[in-house]
Amino acid sequence: MGVIYILLTISIIVAIVFFISFIISVRNGQYDDVYTPSVRMLFDDELIKENKEKSSGSNTTKQS
């Protein structure tokens with residue numbers, strides 16, 4: 001019965017250590033996404049071109 005208490009105590013200590021290391025890594029920015037903003041920049045241009053085409057198409061009909 002004493003072995004169960006020892007193993008339970010050790011497992012709780014290990015879980016606390018992992019939780020603390022997770023909190024520290026989140027605060028240090030380990031899980032920040034630095035890749036997506038650089039890729040997002042490539043796709044924003046396509047949206048701007050579509051908006052310009054729509055707005056220029058509506059401008060030509062107004063001028064006629």
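Residues numbered from 1 in each chain as written. Predicted model: local features only at pLDDT ≥ 70, side-chain atom pairs only at ≥ 80, totals over all residues. Heavy atoms only, no water.

## Things to note about the overall build of the chain
The helix and strand inventory of the chain stands at two helices and zero strands. In the chain, which comprises 64 residues, the share counted as buried stands at 2%. For the chain, the accessible area works out to roughly 6,200 Å², and carbon and sulfur atoms hold 67% of it. (Helix = DSSP H or I, 4+ residues; strand = E, 2+ residues; numbered from the N terminus. Buried < 20%, exposed > 50% of the residue type's maximum accessible area, 1.4 Å probe, protein only. Areas by Shrake-Rupley, 256 points an atom, 1.4 Å probe, with all protein chains shown as cover.)

## Section: helix H1 (residues 2-27)
For H1, built from 26 residues, the straight-helix expectation of 38 Å at 1.5 Å per residue is met to within 8% by its first-to-last C-alpha distance of 38 Å. Immediately downstream of H1, the backbone of Gly 29 shows phi near 85°, a positive value. (Expected span 1.5 Å × (residues − 1).)

## What about the side chain of Ser 25?
Its place among the elements puts Ser 25 in helix H1. Every residue in contact with Ser 25, bar those within four places of it in the chain, is listed here: Gln 30 and Tyr 31. (Contact = heavy atoms within 4.5 Å.)

## What to know about the packing of aromatic side chains
Applying the stated rule across the entire model yields one aromatic pair. Note on Phe 22 and Tyr 31: the rings are 5.8 Å apart at their centroids and 45° apart in plane angle, and the pair reads as tilted. Exposure remark for Phe 22: the relative accessible area of 41% places this residue in the partly exposed category. Take Tyr 31: its relative accessible area is 56%, and that puts it in the exposed class. (Phe/Tyr/Trp six-rings, centres within 6.5 Å; stacked < 30°, edge-to-face > 60°.)

## A word on a nonpolar patch on the surface
On the surface, a cluster of nonpolar side chains totalling about 960 Å² of accessible area is made up of Leu 8, Ile 12, Ile 16, Phe 19, Ile 20, Phe 22, Ile 23, Ile 24, Val 26 and Tyr 31. Tracing the backbone shows Ile 20 in helix H1. (Patch = residues over 30% accessible without salt bridge, like charges linked within 9 Å, V, L, I, M, F, W, Y side chains within 5 Å. Salt bridge = Lys/Arg side-chain N within 4 Å of Asp/Glu carboxyl O.)

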